Number of protein chains: 2
Amino acid sequence: MATTTERESRAEARRRYDAFLAECPSRQLLSRISDKWVALVLAALGGDGPAPGGDCGGEPRPLRYSELARRLSGVSQKMLTQTLRALERDGLVTRTVTPTVPVTVTYELTELGLSLHQLLGQVKAWAEAHMDEVLANRAAYDARAAGGPTS
Amino acid sequence: MATTTERESRAEARRRYDAFLAECPSRQLLSRISDKWVALVLAALGGDGPAPGGDCGGEPRPLRYSELARRLSGVSQKMLTQTLRALERDGLVTRTVTPTVPVTVTYELTELGLSLHQLLGQVKAWAEAHMDEVLANRAAYDARAAGGPTS
DNA sequence: CAGGATCCAGTAGGATACTG
DNA sequence: CAGTATCCTACTGGATCCTG
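From a predicted model like this one, the values you see are computed outputs, not experimental measurements.

What counts, and where the lines are drawn
- Residues numbered from 1 in each chain as written.
- Chains lettered and ligands numbered in written order.
- Predicted model: local features only at pLDDT ≥ 70, side-chain atom pairs only at ≥ 80, totals over all residues.
- Heavy atoms only, no water.
- Contact = heavy atoms within 4.5 Å.
- Buried area = accessible area lost by both parts, 1.4 Å probe.
- Salt bridge = Lys/Arg side-chain N within 4 Å of Asp/Glu carboxyl O.
- Polar contact = N/O pair within 3.5 Å; in protein donor to acceptor, adjacent residues only side chain to side chain.
- Helix = DSSP H or I, 4+ residues; strand = E, 2+ residues; numbered from the N terminus.
- Nonpolar A, V, L, I, M, F, W, Y, C, P; charged D, E, K, R; others polar.
- Pairing = 2+ DSSP bridges.
- Axes fitted to C-alpha atoms, helices over the stretch in contact; angles between N-to-C directions.
- Expected span 1.5 Å × (residues − 1).
- Bend = angle between axes of the 7 residues up to and from the residue.
- Least-squares fit on C-alpha atoms with pLDDT ≥ 70 in both.
- Buried < 20%, exposed > 50% of the residue type's maximum accessible area, 1.4 Å probe, protein only.
- Parallel < 35°, antiparallel > 145°, perpendicular 65-115°, else oblique.
- Left-handed = near helix turned anticlockwise from the far one by under 90°.

## Here's the deal with the interface of chain B and chain A
Here comes step 1: Between chain B and chain A, the residue contacts involve 45 residues of the former and 45 residues of the latter.
Here comes step 2: At the boundary of chain B with chain A, total buried surface from both sides reaches about 4400 Å², with 68% on carbon and sulfur atoms.
Here comes step 3: The largest contributions to the chain B side of the interface with chain A come from Arg89, Trp126 and Tyr141 of chain B, which together make up 17% of the buried area.
Here comes step 4: Where chain B meets chain A, there are four salt bridges.
Here comes step 5: Close ionic contact of Asp142 of chain B with Arg89 of chain A constitutes a salt bridge, the shortest N to O distance being 2.5 Å.
Here comes step 6: Put simply, chain B and chain A have 10 residue pairs in polar contact (both at pLDDT 80 or more) between them.
Here comes step 7: Take the side of chain B that touches chain A: its biggest share by element is 17 residues, from helix 6 (residues 111-145) of chain B.
Here comes step 8: Within the side of chain B that touches chain A, the residues separate by chemical class into 23 nonpolar, 10 polar and 12 charged.

## Observations regarding the pattern of salt bridges
Here comes step 1: Counted under the stated rule, the structure contains eight salt bridges over all chains.
Here comes step 2: Among the ionic pairs, Arg64 of chain B bridges to Glu67 of chain B, the shortest N-O distance being 4.0 Å.
Here comes step 3: Connected through shared salt-bridge partners, Arg32 and Asp90 of chain A together with Arg138 of chain B make up one network.

## Section: the sheet that holds strand 1 (residues 63-64) of chain A
Sheet strands pair via backbone hydrogen bonds, and the direction of the pair is either parallel or antiparallel.
Residues and elements named next belong to chain A.
Here comes step 1: Ordered by their spatial adjacency, three strands build an open sheet running 1-3-2, and the pairing between neighbours is antiparallel. Unpaired on one side and paired on the other, strand 1 and strand 2 (93-98) mark the two borders of the sheet.
Here comes step 2: Across two bridges, strand 1 lies against strand 3 (residues 104-109) in antiparallel orientation. Across the sheet, the residue bridging to Arg64 is Thr106, located in strand 3.
Here comes step 3: Sheet contacts for helix 3 (residues 36-45): strand 1, strand 2 and strand 3; angle to strand 3, the most-contacted strand, approximately 95 degrees.

## What about helix 6 of chain B?
Here comes step 1: For helix 6 of chain B, spanning 35 residues, the distance from its first C-alpha to its last is 47 Å, which sits close to the expected 51 Å at 1.5 Å a residue.
Here comes step 2: Maximal helix bending in helix 6 of chain B amounts to about 50 degrees, located at His130 of chain B.

## Quick word on the relation of the copies chain B and chain A
Here comes step 1: Overlaying chain B on chain A yields an RMSD of 0.1 Å, the required transformation being a rotation through 180 degrees with an accompanying axial translation of 0.0 Å. Viewed as a symmetry operation, the transformation between the two copies matches a two-fold axis. Within chain B, Ser34 of chain B has its C-alpha nearest the rotation axis, a separation of 2.4 Å.
Here comes step 2: Most of the interface of chain B is mirrored in chain A, where 100% of its interface residues are also at the interface.

## A word on the side chain of His117 of chain B
All names here are of chain B.
Here comes step 1: In this fold, His117 is placed in helix 6.
Here comes step 2: The buried category is assigned to His117, whose relative accessible area is 16%.
Here comes step 3: If near-sequence neighbours (up to four positions away) are discounted, His117 is found in contact with Leu42, Ala43, Gly46, Asp48 and Leu109.

## What to know about the packing of helix 6 (residues 111-145) of chain A against helix 6 of chain B
Here comes step 1: Between helix 6 of chain A and helix 6 of chain B, the least distance of the axes is 11 Å, while the angle of their chain directions is 165 degrees. With respect to their mutual orientation, helix 6 of chain A and helix 6 of chain B come out roughly antiparallel. When you trace helix 6 of chain A past helix 6 of chain B, the crossing you get is left-handed. In this structure, helix 6 of chain A contributes Leu112, Ser115, Leu116, Leu119, Gln122, Val123, Trp126, His130, Glu133, Val134 and Asn137 of chain A to the contact, and helix 6 of chain B contributes Leu112, Ser115, Leu116, Leu119, Gln122, Val123, Trp126, His130, Glu133, Val134 and Asn137 of chain B.
Here comes step 2: For the contact of helix 6 of chain A with helix 6 of chain B, a count of residues per class yields 12 nonpolar, eight polar and two charged.

What follows is the structure, encoded as structure tokens:
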């Protein structure tokens, strides 16, 4: 009987510090922006593209659902819809439904979403600035680990 | 026979655009810093604490493994070790082993890690600055969704 | 004390099919 | 075209045991 209860009590114990962590608002925002597709959707709506040398191009402008799906190539519509709804809920994007014959829905960055996009640009800049260092450190670490220090 | 092959081919097909996304270095860094515990470890080593009103306090200083585990309360040693190793590999923290009688290991932020910590501070600042807006938007959205617009 | 190895649950996320 | 619902897989991440 008590076998499953142990599991449950442990799960409940987890909730306590989990809630403690979830209390911090910045943690919530961090987990929101750190989402895999959020950054890409923001980048797409902001006119920025993930691929640094090609199709992506332009300035911030509203995009249709299908356009977003095309820009983000391999995203499932589940994730795209889910991400867009979350961003809309937080007021980072606006969803505009135009009742044409086939329904047209456009998404656009709000001021708030635009500011977050700017911030992500800073993160991107940091990453690009220090990527070589990180890569070098990583290579050195791997070489050290792979039988290097034996001789 | 071919039943499993379909699955495999689909999984392989996924790899292609997955690799395309993984090519972008900033994406790698983004997923690195967006890791749940990375931010907390960085914050702990940087002297910052997740809980805004209590024990956490101090300036950037080296911490022992057990100290980190204590500061981050409910982290499993698997995640802590994993996170620390990843950060060490990227050159964001240094791992110092002191061969005392019980082995003592201390972790410290590098210059690079410190700069990332600064950046995360900016993210945190943004989150704190705009959290009320986000929360308001979220509440409004939820109210609208929960039978609000019927009347 | 610091951490490696292993097992296992929870969940994020993708494929598919269907609706308005 | 835009979106929802369902199923299912794979990965993340925690607990536990064990070693230098």
